[in-house]
Each structure stands twice: as structure tokens, then as C-alpha cells.
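Residues per chain are reported as follows:
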Amino acid sequence: MGMKLMGAPWTSKFKIVSSGSLQPLYYTYRSPCDVIAIVGVQITSSTLLSLPPALSLSLSLSLSLSLGFPEAPFLVVCSLIGESVYHLFVSYLKETMAMEVTQILLSAQSVDGSVRKHAEESLKHFQEQNLAGFLLSLSGELASDEKPVDSRKLAGLILKNALDAKEQHRKFELVQRWLSLDVGVKTQIKTCLLQTLSSPVHEARSTASQVIAKVAGIELPQKQWPELIGSLLSNIHQVPGHVKQATLETLGYLCEEVSPDVVEQDHVNKILTAVVQGMNASEGSNDVRLAATRALYNALSFAQVNFSNDMERDYIMRVVCEATLSPEVKIRQAAFECLVSISSSYYEKLAPYIQDIFNITAKAVREDEEPVALQAIEFWSSICDEEIDILEDYGADFTTADSDVPCFYFIKQALPALVPMLLETLLKQEEDQDQDEGAWNLAMAGGTCLGLVARTVGDDIVPLVMPFIEENITKPDWRQREGATYAFGSILEGPSPNKLTPLVNVALNFMLTALTKDPNNHVKDTTAWTLGRIFEFLHGSTMETPIITPANCQQIITVLLQSMKDAPNVAEKACGAFYFLAQGFEDIGQSSPLTPYFQEIVQSLLTVTHREDAGESRLRTAAYETLNEVVRCSTDETASMVLQLVPVIMMELHKTLEEQKLSSDERQKQNELQGLLCGCLQVIIQKLGSSEPTKYVFMQYADQIMSLFLRVFACRSATVHEEAMLAIGALAYATGSDFAKYMPEFYKYLEMGIQNFEEYQVCAVTVGVVGDICRAVEDKVLPWCDGIMTQLLKDLASNQLHRSVKPPIFSCFGDIALAIGENFEKYLMYAMPMLQSAAELSSHTSGTDDEMIEYTNLLRNGILEAYSGIFQGFKNSPKTQLLIPYAPHIIQFLDLIYMEKDMDDVVMKTAIGVLGDLADTLGSNAGSLIQQSLSSKDFLNECLSSDDHLIKESAEWAKLAISRAISV
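The following paragraphs examine the structure supplied in this document. Note that this is a predicted model, so its numbers are computed, not measured.

Cut-offs and rules
Residues numbered from 1 in each chain as written. Predicted model: local features only at pLDDT ≥ 70, side-chain atom pairs only at ≥ 80, totals over all residues. Heavy atoms only, no water. Helix = DSSP H or I, 4+ residues; strand = E, 2+ residues; numbered from the N terminus. Contact = heavy atoms within 4.5 Å. Areas by Shrake-Rupley, 256 points an atom, 1.4 Å probe, with all protein chains shown as cover. Salt bridge = Lys/Arg side-chain N within 4 Å of Asp/Glu carboxyl O. Buried < 20%, exposed > 50% of the residue type's maximum accessible area, 1.4 Å probe, protein only. Axes fitted to C-alpha atoms, helices over the stretch in contact; angles between N-to-C directions. Parallel < 35°, antiparallel > 145°, perpendicular 65-115°, else oblique. Left-handed = near helix turned anticlockwise from the far one by under 90°. Nonpolar A, V, L, I, M, F, W, Y, C, P; charged D, E, K, R; others polar. Expected span 1.5 Å × (residues − 1). Arc of directions from axis to C-beta. Disulfide = S-S within 2.5 Å. Phe/Tyr/Trp six-rings, centres within 6.5 Å; stacked < 30°, edge-to-face > 60°. Polar contact = N/O pair within 3.5 Å; in protein donor to acceptor, adjacent residues only side chain to side chain. Patch = residues over 30% accessible without salt bridge, like charges linked within 9 Å, V, L, I, M, F, W, Y side chains within 5 Å. Lys, Arg positive; Asp, Glu negative; His and termini not counted. Charge placed at Lys NZ, Arg CZ, Asp CG, Glu CD.

With respect to the overall build of the protein chain
Next up, step 1: The secondary structure content of the protein chain amounts to 44 helices and 4 strands.
Next up, step 2: Within the protein chain, counting contacts between residues at least 6 apart in sequence, those at least 24 apart form 71% of the total.
Next up, step 3: As displayed, the protein chain offers around 43500 Å² of accessible surface, 52% of which is attributable to carbon and sulfur atoms.

Take a look at the structure:
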């Protein structure tokens, strides 16, 4: 912090007093006089002019004061006249400062853009120059009932954002920043926050609740603020209802922020007691009861012990069920949300309550307001999710003894009553639901739940739904026709094809007629969606009885092409139906039933993309996605037509690059279109590049396409960047070693992609494309490897990059090594320790939960692919001895993976391959290590007996390599 002092310098003692703590410190500084410095306060020229006369006379200011608040570092330096004058000055400054902060917070919400921008910059500067003073000022603003509601709310919001962020690396920085603050400052802030819970202003209390929870999320895991929960619980007994309400809200947010293992069971018990008591019907205040019910929702994850106790569980369930009958709609909705959470967290404990819950939910679905009824349906959707997971994990035929979480077949038992209840909801549509992408109502929720029920019980649902369909499908009321069609579409996934195919064969002709002739848009929309579901689940080479035959194929295509000219929502569903129709013919062989119509289908889809209303209902996106699938699933018969598409799509992309002076909205639409066109070119390139004759003809366009992609990169849109990068990966594969000629111009964009931490998907895609290029150009990538490896190593060392990008980076090491062979030598000293560290890290992260197990497998597969590429790259090189020092650790890593028993099939295949690569490259140097290994023999035998032919194949090759290495 800079001080500008006038006069001849000499050394003197003076006091530096922080305006936050007001605790004097003694310090030596060159100064023209003994002074007090009020640190943390910036004074504007208007403030100086308004000083009381007593202060104006008493104070001799001796520095250049900053003009404008708070735009520069500052110190107010004044002659030490006396203690009383000093206190008067400090008091005045604090009062003025508070007024300044209030005004800035209000200005930051101004409708005047320039006023708002200036205020935001002032707040940012204040935060950067004096974080402690900034946070203290905000907490003081939030706590003061004399301040305007708007300034208090914004103060709390800024405080919250100073403690948390969505990006993990930013969140980590903010946590560390808070933990490093002076303890006295943090104590004052926390005191202000707790004080705000007593404020009569609801917005201030609610904001403070959220900030307290954010602080608790940081401090409780560090064993700090141990008195917080006790302090909050003591508030529960406060007489003012608003204090009780705010405290329960705080406890709810706290449970959301803090991991259950951080809070002692005694405190958990007391929190649950306070929350459940607050939910009781005897509680006089609806605000308190609502806060308690919402708090329970977040506290349920803490209640494992309590739900294992029959009496405590009964009490909690009784109170929740009673709350579903509250006269207040928000309380009923919150109570059903608790039941939904309980259904997933404590499924195995629900049996004694399920009949009562069914009665409660059925009454709510039929009679209650929509927000409540939606949650009642969600309860049964959640039960379906649980039972689907159990049945998929353990198979449909298992006994209770087979599983730690037995399936209670709640859905199967409730089926006769549940299905009619859901079918009733299908007739409660809204007039404009198909036009609103974010629409969610009773009919949609009921249909979604019906679909989940079908997946849960399979064939059993069909006889319960078919009478409803037959009764309503021809009724004059559009709601009944649409509801019947929706019911049919909803049950197409789950029941067996044998059960559904006869029904579909009867219904198909009727539905094709309805799609063109029904006068109602909603009915046509749902009919097209249902046709898409038929083609998705009952059409394809694996089906015994084909749905699409030579007799009906032309009619189906004609109707869908006609529907693509309908209203955007209907046309979008028709595109979706075409998508699955094409997909079902993917493995058809040399000749596809779509071939005679290929040109017409492609032309119709391109026409859709040019419709003026193609921006509605995702229509343009759906048309391009369908075009991609039609191309991808096409046969050699239509290769020449696919080739004709290349200049058409190139011209479309060229047009987007020529458009200038676009508004931000137009620019966004242009970026979306460029992304769709790049995606389309990617599929076309992959298709044409997959066979030699078409690849040869396609090569005439390669230079022009690459030129277009480079122009797309110059637009610097993250979304487009990703699609263009994927397309370049396809182009590299198709052009092979010729791609090297594009590297001088393309490299800078490749480097930008690898450096793109913010849009980490772009970074991940770019890393994948590096691998594609290495495979395409092989050792011609060498001139670019220093830059690529440097950036990849930086990425791995960064805590800002999303963790999902790190496994593909390791795989990329293998791609580079395989491409450049022994030239990878200079990177070994950097890459190998990084791989070793990651391997050790993977042993600490495994087994914690499903998500972490999945990530650990991805990480290990990336590491193993790196090792595989490095060993294969060095094979037959005189420099293979450079790898010998790393072999023991690799063997240990393989032992660890095998013994932990949580690897997936992909990791197993790669791991046994690495064992073979080790033996193949290092020969006798690896032989003795493999023989000494704890598990290599068992691992090899397990892979040799695997049902997966790819694992078995790798194991047989590894066995040969190992036997050669041992016999040397």
C-alpha cells in the first residue's frame, strides 16, 4: 500500500490503526510528523469537504488523497492531536464509509449501465486492495437493519460468491483465501452473519443463512467454528418465529454444504429433532413449518443411523406424511420432495409405509395443485429408478439373499392401481406444451413415469394400458387421442418385442394416417414421437419379426417426408423418427431399403435446414443430426450421392463465414450453424474415408475443407471449435500422412485447444485429435512434439484443468511415443514420473463410490495406454534399456490393479496388453520381474478364461510374449 508524504523525511514512530479492528500497532516509518494512519478507508474529495469543523481544524492532512472511491491504494494520515479527536475521526470515517458502501451496492443495481459499471469496478477494486475490509464492510451492511433491503441482499450475495464457485480450481482458491484471513476478521464477519438471523427483514435472513452455510462448508471440515451448530440449535427455542424460521433454513443449507461425516452423530440427532419438531402440525407458523420441511430434505443424507432405528424412522415418516396433508401448498410440495428423496436414499426401509404412501400420492395426483401432484408422481418415478437399477445389477431372477439391497417389487405390487392413476394424468395436457421446450406438466410427468413403470415390470404393463389406448385412440376430443398415443409410445421400452410387435403391426398403419390426417398439432407431434420410439426399440437387424417390410417401407418414408414440412414441433419429431429408421438399417449389409429414397431423404432434410422457422423446436439441429445418421448408416450403393454432399455442405459453411456485422444474437445462431455443418462434414469424411475408392475421390476436396476449418477456428467460438476439431480428427484419419502439410498453419489452433482450460471439452477433444494426427502422420509429427508435450505436461500439472481431461492426456503420451519411436527419449524424464505419480494417485482414489471407480478406471486406462505406446514405440530400438528402470514400478502397478478387483473390461484388456508389451520390448530384462510378480500369473490365467474375446485375444498374445521373455 503506497503512502505519498510531503515534507523532509525523518524517522519517527507513529500508530497504524486498522479501521476494521481498531487495534493500534506501533511501527517505524519515515514521516514528517507523528501520525495515525487509518488503514482500510478511502476518502473522496466530497468527504473531505464535509468534515465537521472541529475535525477540519484539528487535522492536518499530509498526503495526496485518492479522488474517487475506491480507485487507488490509500492511507489517511493526520497529525496526532489527541485521543478524543482520533476517536471522533475514526467514528466519522466508519459512518461515512458505511454510507459509501451502501451507495455503491445500490449503484451496482442501477438501470443506468455506466453507473452500474462504475460501481462494479469500485467493488472489484475494493476487494482486490483490501479483502478483509471488503468482507467486513459487506457483513456489516448485511447485518444492519437500517440499510436498504437491496443493498443488504447484494452484500450477502457478494459475500457468498467470495466463498464459493462452480469451477473446482476457483472454489479451491476461494477456500484457501478465506482460511488465510485473520481470525479476528473472520470472527467479526461470522458474528454479523449470526446477528442477521434475528433481522425482521426476510431477504436479509435468508441471504445470511446461505452465507453461514458456505462458511460452515469451509470451516467445519477444518475443525473450525465448532460452536456453530450449538449456537444455531439454541436459536430454535427463541420466541420470535422469524428467528426460528431463519435458523431452520440455515440448518438446511448447512446440511446441503457439509458432508455427513463432518458432523458428530450427537449434533445430527439434535438437528433432526429440531427439524422434525419444526415440521409438526402443532407448529403455529407456516413459515417455520416450511423452513423445517425444506431443511429435512437436505438433512436426510445425515440420517442413516436414525433411519436404521425403527422408532426414529417411524416418527420421521409420520411427520413427513402428515406434512403432505398441510393446508399450505408449499409445505405439501416440500413434504413430497422429502418422500422422493427418502425413496432413493432409504428404499430398503420403505416396505411398512408403502401402502400409506400410495394412498397419499394417489390423492395428491388426482386432487392437489400441480406442483404437489408432480412431486407425488416423482415419488413413483424414483421407486422405478431404484428397482430398474437393482434388476439391471443383479438380473431379474434373484432372491433376497443375492443382494444387499433386495428388490421389494413395489411397482409390480402397485401396478393394478398405479397404472390407472398414471393414465388419468395423460388426459391433463396443456394447449401449448409442444411449443414450449421447457414445458413440464402433469401429463408429461405421468407419461414419463409410465415409461419407467414399463421398464420396471416389462410385459405385465401391456394388458393394463391397451384398453385405455383402444378406448381413446379414435375419440373426437384431441386430448383423448393424444393421451392414448402417448400411452402407447411410453410403454415401448421394457416389454419384450414378442409382446409388442403384434400390437405395433396393427397400430402402424393407423398412426401413419394420423400423422398426416389428424387435425390436431398435439396429436401429430405425439404420433411422430411414438413412431420414433417404435423404430428405436423394435426395428433393427436383431429383431426376429421386422416391423418395416417391403410392403410398408415406402408408405413410412412418404409420410415422414411429408411430416417434415409440418409445424416445427411435428417436423422435429418426424426427423427424430427418420433418425431411428436409418439407424435400424445400420447393419443391413450391402443393400438398404432406404437406398432408392436416399437422394429424396437427403434433399428433404437439407430443405428443412433452410426453413425460416427452423430455429424453433430444435428443428434445424434435428435435421442435421438426422442427415448425419442417414449418411453414417448408408451403404456403398449411395457413396456417390454422399460424395455429392461434400461441396453442398462446404458451400453452406462458406456462406456462414462470409456474413459480417452480425448482432450478438445473430452471431450465436451463426456459431450454432457452423457447429452443425462441421459435425456434418465430420460424418461425411468418416464415411468416405472408410473405403479406399471413395477416399481417393474425396481427397480432391481435402485442401478446401481444411481451409474452411482454419477459417472457422479464426472465429474463436468454443462450440464451433470443438466440432471443427472433431472434423479435423476425421480428416487426419482420411488423409493419412498427407495431413502433415496442414500442420504449419494448423498448429497454433491445436496449441490453443490444448491450452483451453475454460472449455475443457474443447481441450479434451483437441488432445484426442493430437492422437489422431500422430496415427495419421506418424514420425512427421516430430517437429511439433516439443510444443505439444510441453503443453500436455503443463495441463497435467494444473489444478485448473477439469480432471476428465487428464486420462486422455496420458493416452496421448502413448500415441506420440508410438508415432515418433525412440525420439520420445527426451520426454521420458518428464512423462514417466508423471505417469508413476498418477498411478499411485489412482490407488488412493479407487473404491470410494461409483463415480470415483469409473474415473479411476478411465485414469488407469489412460496410464496403461501411455505405457503401451511407449514400449511399442521403443521396440527393436537400441535405446530400449532406457525403459528398464521403470519396469518394476509398472509391474507393481499391474499387481495393484489386479488385486483391487474393481477394474472394468477395458482396463483389463489394456493391462494384460501392457504386460505383454513389457515382455515383448524388454525381453529377458522383463522376464525375471514378471516371474517375481505377485499376481501376473493369476491375472494372465483370468484373462485367458475371459468371456470377452478381445481380452482373451490380448491375453493369448501376452502369454506368447512372456514365454519368449522367460525362455531367453
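Some words on the pattern of salt bridges
Next up, step 1: The tally for this structure, following the rule as stated, stands at 36 salt bridges.
Next up, step 2: Two residues, Lys573 and Glu572, come together in a salt bridge whose shortest N-O distance is 3.5 Å.
Next up, step 3: Judged by its relative accessible area of 15%, Glu572 falls in the buried class.
Next up, step 4: For the salt bridge of Arg964 with Asp920, the shortest nitrogen-to-oxygen distance reads 3.4 Å. In this pair, Arg964 is assigned in helix α44 (residues 949-967) and Asp920 in helix α41 (residues 905-922), connecting sequence segments 44 residues apart.
Next up, step 5: Through salt bridges with shared partners, one network takes in Asp525, Glu572, Lys573, Arg618 and Glu625.

Remarks on the packing of helix α36 (residues 782-797) against helix α37 (residues 806-820)
When two helices pack together, their arrangement is given by the angle between the helix axes and by the axis-to-axis distance.
Next up, step 1: For the pair α36 and α37, the least separation of the axes is 11 Å and the interaxial angle reads 160 degrees. Between α36 and α37, the angle falls in the class roughly antiparallel. Where α36 crosses over α37, the two elements pack in a sense that is left-handed. Here α36 contributes Leu782, Cys785, Ile788, Met789, Leu792, Leu793, Asp795 and Leu796 to the contact with α37, which in turn contributes Lys806, Ile809, Phe810, Cys812, Phe813, Ile816 and Ile820.
Next up, step 2: Tallied by class, residues from the contact of α36 with α37 come to 13 nonpolar, no polar and 2 charged.

Some points on α37
For an α-helix the count is 3.6 residues per turn, leaving residues at separations of three or four pointing the same way.
Next up, step 1: Compared with an ideal rise of 1.5 Å per residue, which puts 15 residues at 21 Å, α37 spans 21 Å between its outermost C-alpha atoms and is within 8% of the ideal.
Next up, step 2: Here α37 lies mainly inside the structure; 13 of its 15 residues are buried.
Next up, step 3: One or two steps after α37, the chain reaches Gly821, where phi turns positive at roughly 60 degrees.

Brief notes about helix α42 (residues 924-932)
Next up, step 1: Regarding α42, the residues found buried are Ala926, Gly927 and Ile930. Considered in projection along α42, the buried side chains sweep an arc of 110 degrees and stay on one side of the axis.
Next up, step 2: Contacts made by the buried residues of α42 are with α40 (887-900), α41, α43 (936-944) and α44.

Side note on the state of the cysteines
Next up, step 1: Considering all chains together, one arrives at 0 disulfides under this definition.
Next up, step 2: Free cysteine: Cys678, not disulfide-bonded; nearest cysteine sulfur from Cys715 at 9.3 Å.

Quick word on the packing of aromatic side chains
Next up, step 1: Per the stated rule, a full pass over the model turns up 17 aromatic pairs.
Next up, step 2: Seen from their ring centres, Tyr898 and Phe939 are 5.3 Å apart, and the 40 degrees between their planes marks the pair as tilted. With Tyr898 in helix α40 and Phe939 in helix α43, this pair connects stretches of sequence that are 41 residues apart.
Next up, step 3: We classify Phe939 as buried; its relative accessible area is 2%.
Next up, step 4: An aromatic cluster is defined as three or more aromatic residues linked by ring pairs; in this entry it consists of Phe713, Phe739, Tyr742, Phe746 and Tyr749.

Things to note about the side chain of Thr425
Next up, step 1: Within the element layout of this structure, Thr425 appears in helix α19 (residues 410-425).
Next up, step 2: With a relative accessible area of 0%, Thr425 lands in the buried category.
Next up, step 3: Among the polar contacts listed, one links the side chain of Thr425 to the backbone oxygen of Leu422, at a separation of 2.5 Å.
Next up, step 4: Dropping the residues within four chain positions of it, Thr425 is found in contact with Val365, Ile377, Leu442, Ala443 and Gly446.

A closer look at the environment of Gly284
Next up, step 1: Tracing the backbone through its elements, the reader meets Gly284 in the loop between α12 (265-279) and α13 (286-299).
Next up, step 2: As a C-alpha pair, Gly284 and Gly241 span 43 residues in sequence and 9.0 Å in three-dimensional space.

Points about a negative patch on the surface
Next up, step 1: On the surface, a cluster of negative charge is contributed by Glu378, Asp385, Asp389, Asp393, Asp850, Glu854, Asp904 and Asp905.
Next up, step 2: Every element with two or more residues in the negative patch is listed here: α18 (370-394) and α39 (850-874).
Next up, step 3: Ranked by residues supplied to the negative patch, first place goes to α18 with 4 residues.
Next up, step 4: Structurally, Glu854 can be placed in helix α39.

Quick word on the packing of α12 against α13
Next up, step 1: In the contact formed by α12 and α13, the axes pass within 7 Å of each other and the chain directions differ by 140 degrees. By the angle between their axes, α12 is oblique relative to α13. In this structure, α12 meets α13 at a crossing whose hand is left-handed. Packed against α12, whose contacting residues are Leu272, Val275, Val276, Gly278 and Met279, the element α13 presents Val288, Arg289, Ala292, Thr293, Ala295, Leu296 and Ala299 at the interface.
Next up, step 2: Looking at side-chain class alone, the contact of α12 with α13 contains 9 nonpolar, 2 polar and 1 charged residues.

With respect to the environment of Arg332
Next up, step 1: Position of Arg332 among the secondary structure elements: in helix α16 (residues 329-345).
Next up, step 2: Side chain to side chain, Arg332 and Asp368 meet in a polar contact 2.7 Å long.

Side note on unusual backbone geometry
Next up, step 1: Phi is positive for Trp225, close to 55 degrees, though the residue is something other than glycine.
Next up, step 2: A positive phi angle is found at Tyr409, which is not glycine, with a value near 55 degrees.
Next up, step 3: Take Tyr409: it is sitting in the loop between α18 and α19.

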